[in-house]
Each structure stands twice: as structure tokens, then as C-alpha cells.
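# Remarks on the overall topology
Spelled out from the first residue to the last, the chains are:
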Amino acid sequence: MGKLSVIAGKSSEELAKKIAKRLRGSLTSVQNVTFPDGETKVTLQGNLSNQKIIVVQSTNPPVDTNLIQLLALVAKAKETASNVVVVIPYMGYARQDKEFLPGEIVTMKMLAKLLGGIGASEIITVDIHSKVGLEYFKIKTRNVTAIPELVKYFKKMNLKDLLVVSPDRGGTERAAEFAKSLKVDYIALEKQRDRKTGKVQIMTKDVGDISKRDLILVDDMISTGGSIVKAAKFLKKQKCGRIFVACTHGLLVNNAEEKIQKAGVEEIVSTNTIPGKTSNVDVSAIIAKSI
Ligand code: R5P
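Rules used in this analysis
- Residues numbered from 1 in each chain as written.
- Predicted model: local features only at pLDDT ≥ 70, side-chain atom pairs only at ≥ 80, totals over all residues.
- Heavy atoms only, no water.
- Near = heavy atom within 4 Å.
- Polar contact = N/O pair within 3.5 Å; in protein donor to acceptor, adjacent residues only side chain to side chain.
- Helix = DSSP H or I, 4+ residues; strand = E, 2+ residues; numbered from the N terminus.
- Nonpolar A, V, L, I, M, F, W, Y, C, P; charged D, E, K, R; others polar.
- Pairing = 2+ DSSP bridges.
- Axes fitted to C-alpha atoms, helices over the stretch in contact; angles between N-to-C directions.
- Salt bridge = Lys/Arg side-chain N within 4 Å of Asp/Glu carboxyl O.
- Buried < 20%, exposed > 50% of the residue type's maximum accessible area, 1.4 Å probe, protein only.
- Contact = heavy atoms within 4.5 Å.
- Patch = residues over 30% accessible without salt bridge, like charges linked within 9 Å, V, L, I, M, F, W, Y side chains within 5 Å.
- Areas by Shrake-Rupley, 256 points an atom, 1.4 Å probe, with all protein chains shown as cover.
- Lys, Arg positive; Asp, Glu negative; His and termini not counted.
- Charge placed at Lys NZ, Arg CZ, Asp CG, Glu CD.

### Details of the site of the ligand
Lining the immediate surroundings of the ligand are 14 residues, of which R95, D219, D220, T224 and S227 lie closest. Note that an oxygen atom of the ligand is positioned 2.8 Å from one of the backbone N or O atoms of S223. Residue T224 places a side-chain N or O atom 2.5 Å away from an oxygen atom belonging to the ligand. Going through the elements one at a time, strand 10 (191–193), strand 12 (215–222) and helix 6 (226–237) are the ones with two or more residues in the shell around the ligand. At 4 residues, strand 12 tops the list of elements feeding residues into the shell around the ligand. The residue makeup of the shell around the ligand, split by class, is 2 nonpolar, 6 polar and 6 charged.

### Topic: the sheet that holds strand 14 (residues 265–271)
Spatially, 9-8-12-13-14-15 is the arrangement adopted by the 6 strands of the open sheet, whose pairing is parallel. In the strand order of this sheet, the two ends are held by strand 9 (185–188) and strand 15 (279–281), each with one partner. Going across the sheet, the axis of each strand differs from the next one's by a mean of 35 degrees, ignoring polarity. Here strand 14 runs beside strand 15; their pairing, made up of 2 bridges, is parallel.

### Some details on the pattern of salt bridges
With the rule as written, the count across this model stands at 14 salt bridges. Among the salt bridges present, the one from E79 reaches K76, with a minimum N-O distance of 3.1 Å. Residue E79 and its partner K76 are both found in helix 2 (residues 63–80); the two are separated by 3 residues, about one turn of the helix. On the basis of relative accessibility, which here comes to 60%, the residue E79 falls in the exposed class.

### Structural notes on the sheet that holds strand 1 (residues 4–8)
On the basis of which strands lie adjacent, the open sheet formed by 7 strands has the order 3-2-1-4-5-6-7 and mixed pairing. The outermost strands of the open sheet, each flanked by one partner alone, are strand 3 (40–45) and strand 7 (140–144). Pairwise comparison of adjacent strand axes, ignoring direction, gives a mean angle of 20 degrees for this sheet. Sheet topology places strand 5 (residues 83–88) next to strand 6 (residues 122–126); 4 bridges connect them, and they run parallel. The partner of V87 across the bridge, within strand 6, is I124. On top of the sheet, helix 1 (residues 13–23) reaches strand 1, strand 2 (26–34) and strand 4 (52–56); it is set at about 170 degrees to strand 1, its chief contact. Taken strand by strand, helix 2 contacts strand 1, strand 2, strand 3, strand 4 and strand 5, and its axis lies near 40 degrees from that of strand 3.

### Thoughts on the environment of S181
With respect to the secondary-structure elements, S181 resides in helix 5 (residues 172–182). On the basis of relative accessibility, which here comes to 29%, the residue S181 falls in the partly exposed class. With residues up to four places along the chain from it excluded, the contact list for S181 reads V151 and K155.

### Observations regarding unusual backbone geometry
Backbone phi values are negative for most residues with the exception of glycine, while trans is the configuration of most peptide bonds. With an omega dihedral of -5 degrees, the bond running from P61 to P62 counts as a cis peptide bond. Summarising the element assignment, P62 is placed in the loop between strand 4 and helix 2. Although it is not a glycine, Y93 sits at a positive phi angle of roughly 75 degrees. In this structure, Y93 sits in the loop between strand 5 and helix 3 (107–117). For Y93, a relative accessible area of 23% corresponds to the partly exposed category.

### Notes on a positive patch on the surface
A cluster of like positive charges, contributed by R95, K98, R193 and R195, occupies part of the molecular surface. Within the fold, R95 resides in the loop between strand 5 and helix 3. In this structure R95 comes out as partly exposed when scored by relative accessible area, which is 40%.

### Side note on the environment of K239
With respect to the helices and strands, K239 occurs in the loop between helix 6 and strand 13 (243–250). A sequence separation of 54 residues divides K239 from D185, and the C-alpha atoms of the two residues are 18 Å apart. Here K239 is in contact with I210, S211 and K212, once residues within four sequence places are set aside.

### A short note on the environment of E177
Inspection of the secondary structure assignment puts E177 in helix 5. Owing to a relative accessible area of 36%, E177 belongs among the partly exposed residues under this scheme. For the pair E177 and V164, spaced 13 residues apart in the sequence, the C-alpha separation amounts to 9.8 Å. Those residues in contact with E177, other than ones at most four positions away along the chain, are T145 and I147.

Pasting the structure below:
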């Protein structure tokens, strides 16, 4: 038995196995039973004995179900271990980090209190939407980036006169880092989102001559695909070459994948912070390294 235990939450089972293997830790699986009223009973498949326990569970959809299971696992781990490292590869609610409209609850603030209160010693996450959310935690937090792993994937492709594009100004830093690793240029579009309806518009009018250039649209996450669809349609109008999409977290809800393909995107590449059809990039090495 290794010196540390990894608890594989159901939303991140495969990733947790990979992390445990890299850390030479023992792996504890979880069984969930959902009762007719919607409650989940979470059961550990084995005993915990190590003083250091890593809990791995993303809070992707169903967000609240995965969140309550994460909290249950952390509380259980704390009964045995003094050191409970909580790995939340995809941190749901990270976009709710400010009171954008009066009365809105800053859910990240509440989550920070909850996780700290039930005994998390440290939080590790990957490409959190905004680092503001981490400022609410009183315990140590670390945000690791999947950009180098995503870049490796694209380096193997034969892309022509490549340009990296962020669909919004908020993603400028990310696009710059991506472009720097690929030794190419980048631009950021201007996106406007209606805070009440969620509707997205691209406000940029001119991006210069991008005709026939291959593009990688880079974002932290794709949820409904609205941002990427609007950006891809705009870029296609500028007569660009092929469009590829790179993101860390491919939530891809409401047929997002189909909508993005219809908008003219060749391929969507995401990581296994959320397992799915497009999650071809593995983040277990960067997470294991941070532990
Ligand atoms: C927003 O600023 C984020 O970085 C993403 O662009 C956004 O959350 C993606 O959501 P959707 O796919 O629904 O447009």
C-alpha cells in the first residue's frame, strides 16, 4: 500500500486512477446509489488508513450532485487523515465569483467556506475560470494550467500560417501564453454577454487580413458553445482557413458540439478534467506534479 490514498470520485474516476498511478498511491473507488427521491448514498469501496488523502472529483454537470458527493468524500477523508488534498479538476461555479447584478449570491465564496469547514487542507484545480474565486479560500489553493499539454497536441498537427484567437478580452492572457508556446501571433475578439439573457455578441469589426490562415480558438471552458459559435461564424466571414478549438474544460451542454461543428470548426480538443468525446488531452501529469 502506498503512502497516500487517492479517492476516485465518480465524476473523475479515470483521471483519479491515472493520478494514483503516477503518485504510486493506493486507489479507493466510490459507489453511489441514487434513491428515488434524488438523494445519493456515497460508499467507499475499501478502508482508508493513510494520513494523506487526495480526493479527486470535478464538479461538472450534474453540478450540484457532483458537488455534494465531493463534500461527502472530503468529510469522510477528514475522519482518517490530517492532510486532505482536494483536487477539483473542473471547478463548477467558478464563474459566480462576483456580485455582477444586485442580489446575486457569490457562490464561490460559499463554496470556499464549505470546503474549508469540512476539513479540506488544500485545493488544487486546473485553469479555473478566474482566480478571483480562489481568493475566498482561507486554505492553500493552487491553479495549474493545462495549456502546455494542449499545446503539445497542436504541435503534432500541420497547421498553416497559424494564429491563436481568444473569443473574448478576458482570455487574452491565455491566448498569449498559448501563442508564445507555439511561437505564433494571437488576437483577442471583443465579446459582449447580456448578463440577464446570457446572449453573446461579437463586437469586433476588424481583425486585419486573416484569409486562409489556420486558427486555434482558445478558451478555458465551453458550456453551451455560444461564445465559440459566435466567434467561429465571425472568423469564417473573414475568410480564414481551418478553425480548431482548444479548451481545458469541455462541458459541451445542449448539443454544443454539433452547433460548433455546424459553425465550421474542424475539431474540438479538450482535456480529461471532464471526460467526454473531445477530451483527448490528459492532465494527470500536471496534477500529480503539483501534489
Ligand atoms: C466566459 O468568459 C468563459 O471563458 C467562456 O467563454 C464561457 O463561459 C463559455 O460559455 P458558453 O460555451 O456557454 O458560451
